Amino acid sequence: MSDPVSALQGATFDGFATIREIGPLGMITLRAKELKSLDKAIKAAVGTKTPAQRRIEVKGDRACGWMSPDEYLLILPYGEVATALAAIGKALGTAHHLAVDVSDARAVFRIEGAAAADVLRKLCPVDIDRLEPDELRRSRAAQVAVAFWAQDGGFTLVSFRSVAGYAMGLLTHSAQPGTALS
Amino acid sequence: MSTRLSKGGRLIDRTAPAEFTFNGKHMRGFQGDTLASALLANDQMLVGRSFKYHRPRGIVASGPEEPNALVNLGTGARLEPNQRATTTELFDGLEAASQNHWPSLEFDVGVVNNYAARFLPAGFYYKTFIHPRPFWKHVFEPIIRRSAGLGKAPTTGDADRYEQAYAFCDVLVVGAGVAGLLAAQSAADAGSRVILLEQAPSLGGRSPVDETSVQGQPVDDWLAAVEADLAARDTVTIRTRTCAFGVYDHGYVLADERVADHTPGDGRPKHRLWRIRAGRIITATGAIERPLSFAGNDIPGVMLAGAVRDYVVNHAVSPGDRTVIVTNNDSAYLTALALKAAGLDVPAILDAREAATGALPEAARAAGIRVLTGKAIASVHGTKRVTGVAICAQAGEGAVQEEIACEAVAMSGGWSPVVHLFSHCGGKLLWDDGISAFIPDPARPPLHHDGTAMVEVVGAAAGLLDLGAILQGVVSTGISARAQTKGRRKQAAIEAVKTSVSIPPVWVMPQGAPIALRSKMWLDYQNDVKVSDVQLAAREGYQSVEHTKRYTTLGMATDQGKLSNINGLGVLAEALGEEIPQVGTTTFRPPYTPVTIGTLAGEARGEIFQPLRRTPMHASHETSGAYFEPVGLWRRPYCFPRAGETHDQAVHREVLNTRQNLGLLDASTLGKIIVKGPDAGRFLDMLYTGVMSTLPIGKCRYGLMCNEQGFLSDDGVVARLAEDTWLCHTTSGGADRIHGWMEDWLQCEWWDWQVYTANVTEQYAQIAVVGPNARKLLQVLGGMDVSKETLPFMQWADGTLGGFPARVYRISFSGELSYEIAIPASHGAAFWAACIEAGKALGAMPYGTEALHVMRAEKGFIMIGDETDGTVIPQDLGLDWAISKKKADYLGKRGQERSFLANPDRWKLVGFETLDGSVIPDGAYVVAQGTNANGQRNVQGRVTSTYYSPTLKRGIAMGLLNHGPTRMDEVVEFNTVLGGTVRARVRDTVFYDKDGEKQNV
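Here is a short report on the structure shown in this document. (Residues numbered from 1 in each chain as written. Chains lettered and ligands numbered in written order. Predicted model: local features only at pLDDT ≥ 70, side-chain atom pairs only at ≥ 80, totals over all residues. Heavy atoms only, no water.)

Residues and elements named next belong to chain B. Taken together, the five strands give an open sheet; going across it, the order is β37-β38-β39-β36-β40, and neighbouring strands pair in antiparallel fashion. The sheet is open, and its two edges are formed by β37 (700–706) and β40 (756–759), each paired on a single side. Sheet twist, expressed as the mean angle between neighbouring strand axes with direction ignored, is 30 degrees. With seven bridges connecting them, β37 and strand β38 (residues 712–722) associate as antiparallel partners. Note that in β38 the partner of Met705 across the bridge is Asp714. Strand contacts of helix α23 (residues 735–749): β36 (671–676), β37, β38, β39 (725–730) and β40, with the helix running at about 165 degrees to β40, the strand carrying the most contacts. (Pairing = 2+ DSSP bridges. Helix = DSSP H or I, 4+ residues; strand = E, 2+ residues; numbered from the N terminus. Axes fitted to C-alpha atoms, helices over the stretch in contact; angles between N-to-C directions. Contact = heavy atoms within 4.5 Å.)

Rendered as structure tokens:
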């Protein structure tokens, strides 16, 4: 079998901020609500707490983000998805839930640099100054859905895989040298 | 002549000259000039021709209210028409050209309209061109459109970049004059996050020109101190060159930042659109000076008094050696004093008032300037520039008492507060008799969701025209203290602040002017509307100001009546014998000043005009030379033409090869939605017309989805993955819509059903392996048993193929032996390459969407969007077999029972084959006898899919026909685009392999 390839195969751009396409990352959509064993399932899958509303729990290269009242996004190394799915299945058993591998359905970008937030300010209708440090923000970048959060001094942004080229185009346009907002 | 003074000019940098051209003529200015000030410094008083009469026009104003000095700026890919010289910052290398003249600015043929002015009164076009009716569209309009118009439209793409940005604040202050600066400061003091926007490059508004001191400090020191204070606060953001042009509900404000207008080609975006969400908005937008309506008030050299002193003080530009001032208020005396201070001559100040006794008139008299009260201008001498004025009594009819030679006239008809932003969202205005202007009514501001004021107004924009009142107003409206100030308290506070300025109404000068003078008094410079036009409209019965505006075009030009509206209202009210508040004002709508389209488009152009969805194999298709077509936002290969092949030839080859050997289709765009839960079966039974709950694990079933009205909405194959899990395939364009449709029902209607869905469309690359050699290819790849016995038609299996994890569906949309293989998207491109490579020996060729369409039409399979158009129910398409008769309900069932949908007279799907083998044109109708009430041919059906079938070597078609299935072998006629008809025989819809033997091997 071939190695998995991300949508843009690690494209990068250097402007007033640096844009890097990263991945592929392992991602699982977990849909469940008010289950006693949910905390255990998330812990078993990625080793984090269950995030509060609009928050993301990050632990090394694993994370769990709150996506909606009954949806979580689990992030982990690409090769460990099957194990994690099995762990979730074991923890939740027959309780009503849905856990699916969406690793290949996404594109992930890093936006880095002192003015990284300005790249997002140009694309997302989000009050970035009021973004909490552990906040996962579901929004849009221009015309497509994205989610992002602050991490390691920059931002991690997730889009759908099919629009990875568009997302990279947006980020590149917005990070042109000399165009930071302040 | 206008010229540069040897000294002064607070904004210009004499050490930084800037060369520019105007109509090809080389000129020099300085950094800090506007294009307007630089033109005046080069004695270019004539800058354009008017729209209708092509009269010579000069610079009137010094800000965004300028109606005349509109130029074509730049050339080629940087050409921008209708740019205001007064707000265009000069830069070295600027190229400008005047507009609206032919053949040249100096000699314009269109000026004959001027002499024919009496034949072009208000409403001329409406009156003249209404008969004969068809002439308007075919004769008059094209000619008028060609002769009208301002600047040239660019013919090439825009070389510049644009972008947008979002911002959020507690308090947005618009305008950085004294009032705006103080408001921003006190809002920041109160702990608010503040954004302060200023349209000019520098702060201060009119204060550096009009004031000597503010709060006891010299004005420049005061400004520097406030600016430094604001800059030091990290809660305050100041953006200059940024014009807030629209206020919308919920504190949403749009602003246009001119980032690189003055530094073209430096790589920065030319403009940036700010999309600001503000807790509340304070407008400190100042006031705009009004012209006076006297005969010849449009001759180059007649300028607003405030603009004249702006040019003198800011840019050291003299409008001429001798400037006559004409006014109805004190502020124009500042101009006289400024001119005098610059060493220029002011032969007279003509004050329309009977007495002028304030401090400024006294100062003028003390400076030795001749002040004539009760006087007016009877007419201005000159054509392309002012040579003198004739003086008369304001109270009279224009009998000339004296003539004065001069080069310029500085006029002031009072000041109109800029109430636009206050009004955009419904703020109401009051008429203020004291200053003869509309002011914002603080008791009726535009409101937030909670009933509090969304917009507050301070400074001259609130009608406070003197510094004392402005300072007092900002403090007493309690900007700093306000959290929940109630309207009443605020109104009381504002009423306590009174401006000491008084401006009597002077709408026509002299007040008894005869028609000969009134038809030379311009109200709207850009649209050439005169006092006589508005009076004519009133005589012709136009009472509503909105009707008069449209009839005369007053205020409808690109300046949106910033100079003309109030004067026009005054004239209309007098003509109607009513008060101005009764006549009312026209509606203020965004944008406040014109915004270039590129700013609104922002980043959305070129490659990122819209999101383009690519499958994991997209790059490979591009390398293969695929010709793409849009499918929703996806790009899918339409066909894979080889060297020398037309697209038709490529499609025919792909169809035949797939039928004879092996075809490969990128089907990744197909929607894939997982539906799981104890109630998932019941849920799908409601969504689909058929039964999905009984589908055994491991099997596939074709299903139809309808909307509540019963119309067919989507179709696809459903696979049962586990006891409580199904996978629903949707159409390529339908995945997001159907996923949303499912969630809508689950979240809003059947919220107690235990079902979860997940859209996994993009998780998988999906490849259709189609044709007699399909199984052989999979066997070559190896890894799982895909034999007829293990994996029969309409079943699926998980396994590996060529080392790739694969889910294989044995389904067919072509009628051939066919497998659809889902692979994780990250391996999609590699698997596609593996199939191409392994397929070489088996005659594999990729095929595109058109071959897919042809093959499915040969088999009589319907296509959502071809056979359906939102008015078609499954029964129309003969799909009754896919509709469960046993189920109590499904979405659309009741809709389909309505009388029109249950009517046996509906058009129903049949096949057609032309008698001569030709292809029926797309969209053709089956004609019937006679014509309808509109004289159109009656029809009895239409084609829905029509193709040349390379397999059958003839045209084939499906279509809807009245009572179709009962009319087999009947010959009907289709109309064609070129006229005439095509005869076709009605037949069943399956043209190829009716028994389905080929797919079931």
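A separate point is helix α5 (residues 178–189) of chain B. Residue and element names in this part refer to chain B. Taking 1.5 Å as the rise per residue, α5 with 12 residues should run 16 Å; its terminal C-alpha atoms sit 16 Å apart, in good agreement. Judged by how many residues are buried, α5 sits mostly within the fold: 11 of 12 residues are covered. Listed in full, the buried residues belonging to α5 are Val178, Ala179, Gly180, Leu181, Leu182, Ala183, Ala184, Gln185, Ser186, Ala187 and Ala188. Positioned one or two residues after α5, Gly191 has a phi angle of 90 degrees, which is positive. (Expected span 1.5 Å × (residues − 1). Buried < 20%, exposed > 50% of the residue type's maximum accessible area, 1.4 Å probe, protein only.)

Moving on, we get to the side chain of Asn72 of chain B. All names here are of chain B. Looking at where Asn72 falls in the secondary structure, it is placed in strand β6 (residues 70–73). Here Asn72 falls in the buried class, since its relative accessible area comes to 4%. Filtering out sequence-adjacent residues up to four positions away, Asn72 remains in contact with Leu79, Glu80, Pro81, Asn82, Glu95, Ala96, Ala97, Ser98, Gln99, Gly151 and Lys152.

Residue and element names in this part refer to chain B. Relative to the elements of secondary structure, Met617 occurs in the loop between α19 (597–601) and α20 (618–623). A relative accessible area of 0% means that Met617 is categorised as buried. Separated by 214 residues in the primary sequence, Met617 and Phe831 place their C-alpha atoms 9.3 Å from one another. Each residue touching Met617, except ones within four places of it in the same chain, is listed here: Asp666, Ser668, Ala765, Gln766, Ile767, Gly828, Ala829 and Trp832.

Here we take up unusual backbone geometry. Omega for the peptide link from Gly23 of chain A to Pro24 of chain A comes to 10 degrees, which places this bond in the cis form. Structurally, Pro24 of chain A is set in the loop between β2 (18–22) and β3 (26–31). Cis geometry is adopted by the peptide bond preceding Pro510 of chain B, which originates at Met509 of chain B and carries an omega value of -10 degrees. Position of Pro510 of chain B among the secondary structure elements: in the loop between α13 (487–496) and α14 (515–518).

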